[in-house]
Amino acid sequence: MIIGLTGGIGSGKSVAARIFEELGYHRIDSDELVKQSVLTDPAVVEAIGAAFGRGVVGPGGEIDRGALARIVFNDSTELLRLEEIVHPRLFVLWRKIIGEREAGPSVFEVPLLFEKALENWFDFTVCVATSSALQLARLSERGMSQALAQQRISKQLPLAQKIELADYVLLNDGSRDFLREQVVRLLDTIGSRR
């Protein structure tokens, strides 16, 4: 069983994914895979430096994610260019993980699951939903300004659209226990709790 878990930035995808993990699922955080494996690949660093200028590569040869974010989140064309470099390498990692985990249940955190039409990778898709006010409050707690939060949110599909596209929806406006109860019910429904 492979579940694709999505939701807007600040919706609580990671909290939900950790609950799946507690219930026996192998958790794969796509953002972490990009940070730890894709953006540290020398070929990717070289490609990003060539595409966006050496100003996005730090003195130690690492990607300056803040500098890169300032470029790509201000220009949709630049964001697409970055995705063309990063996504194929991410999908190679996904294939490897899926191949290694054939027998076990997995949950993949995928922020752009519907935006990039990735539904066919998964047996089920689940959207974590929350109110706009709570989403902004969570992003503020992470130290993100309201302007930057709005900018990042605007690069994703509206939550209502994600909810409509998902096979299942988890509401994350309450406590962690409330979210956990929903995950347990969902896994009972799809018959894959281990």
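How each quantity is defined
- Residues numbered from 1 in each chain as written.
- Predicted model: local features only at pLDDT ≥ 70, side-chain atom pairs only at ≥ 80, totals over all residues.
- Heavy atoms only, no water.
- Helix = DSSP H or I, 4+ residues; strand = E, 2+ residues; numbered from the N terminus.
- Rg over C-alpha atoms; globule rule 2.2 N^0.38 Å.
- Contact = heavy atoms within 4.5 Å.
- Areas by Shrake-Rupley, 256 points an atom, 1.4 Å probe, with all protein chains shown as cover.
- Pairing = 2+ DSSP bridges.
- Axes fitted to C-alpha atoms, helices over the stretch in contact; angles between N-to-C directions.
- Core = buried A, V, L, I, M, F, W, Y, C linked by side-chain atoms within 4.5 Å.
- Buried < 20%, exposed > 50% of the residue type's maximum accessible area, 1.4 Å probe, protein only.
- Parallel < 35°, antiparallel > 145°, perpendicular 65-115°, else oblique.
- Nonpolar A, V, L, I, M, F, W, Y, C, P; charged D, E, K, R; others polar.
- Polar contact = N/O pair within 3.5 Å; in protein donor to acceptor, adjacent residues only side chain to side chain.

Let's talk about the overall build of the protein chain
If you tally the helices and strands in the protein chain, you get nine helices and five strands. Along the chain direction, N to C, the helices and strands of the protein chain fall in the order β-α-β-α-α-α-α-β-β-α-α-α-β-α. In terms of C-alpha radius of gyration, the protein chain reaches 17 Å, essentially the compact-globule figure of 16 Å for 194 residues. When contacts within the protein chain are restricted to residue pairs at least 6 apart in sequence, long-range pairs at least 24 apart make up 73% of them. Put simply, the protein chain shows about 9800 Å² of open surface, and 51% of that area lies on carbon and sulfur atoms.

A closer look at the sheet that holds strand S3 (residues 106–109)
Spatially, five strands are ordered S2-S3-S1-S4-S5 in an open sheet, and the strand pairing comes out parallel. Edge positions in the sheet fall to strand S2 (26–29) and strand S5 (168–171), since each of these pairs with one other strand and no more. Averaged over neighbouring strand pairs, the angle between their axes works out to 25° when direction is ignored. Bridge count between strand S4 (residues 124–129) and S5: four bridges; the pairing is parallel.

Examining the nonpolar core
Counting residues in hydrophobic clusters, the biggest one holds 34 residues, and the most contacted among them are Ile-48, Phe-52, Leu-68, Trp-94 and Phe-108. Elements with a contribution of two residues or more to this core: helix H2 (30–38), helix H3 (42–52), helix H4 (65–72) and helix H5 (76–100). The leading source of residues in this core is H5, at eight residues. Sequence-distant contacts of Phe-52, that is, excluding residues within four places in its chain, are made with Leu-68, Ile-71, Val-72, Glu-78, Arg-81, Leu-82 and Ile-85. Listed in part, the 18 residues of the second largest apolar core include Ala-17, Phe-20, Val-183 and Leu-187.

Considerations on the packing of H4 against H5
One way to put it is that H4 packs onto H5 with a least axis distance of 7 Å and a crossing angle of 130°. Classified by the angle their axes make, H4 and H5 are oblique. Counted together, Leu-68, Ile-71 and Val-72 of H4 and Ser-76, Glu-78, Leu-79 and Leu-82 of H5 form the full contact between these two elements. Classifying every residue of the contact of H4 with H5 gives five nonpolar, one polar and one charged.

Concerning the environment of Val-184
Position of Val-184 relative to the elements: it lies in helix H9 (residues 176–190). Taking the relative accessible area as the measure of exposure, Val-184 reaches 18% and is therefore buried. As a C-alpha pair, Val-184 and Ile-19 span 165 residues in sequence and 8.9 Å in three-dimensional space.

As for the environment of Arg-89
Tracing the backbone shows Arg-89 in helix H5. With sequence-adjacent residues up to four places away left out, Arg-89 is seen in contact with Val-38 and Val-44. Polar side-chain contacts of Arg-89 include one of 2.8 Å to the backbone oxygen of Ile-85.

So, unusual backbone geometry
For Ala-117, which is not a glycine, the phi torsion comes out positive at approximately 55°. Here Ala-117 lies in the loop between S3 and S4.

In short, the description is geometric, and any link to function would need to be established separately.
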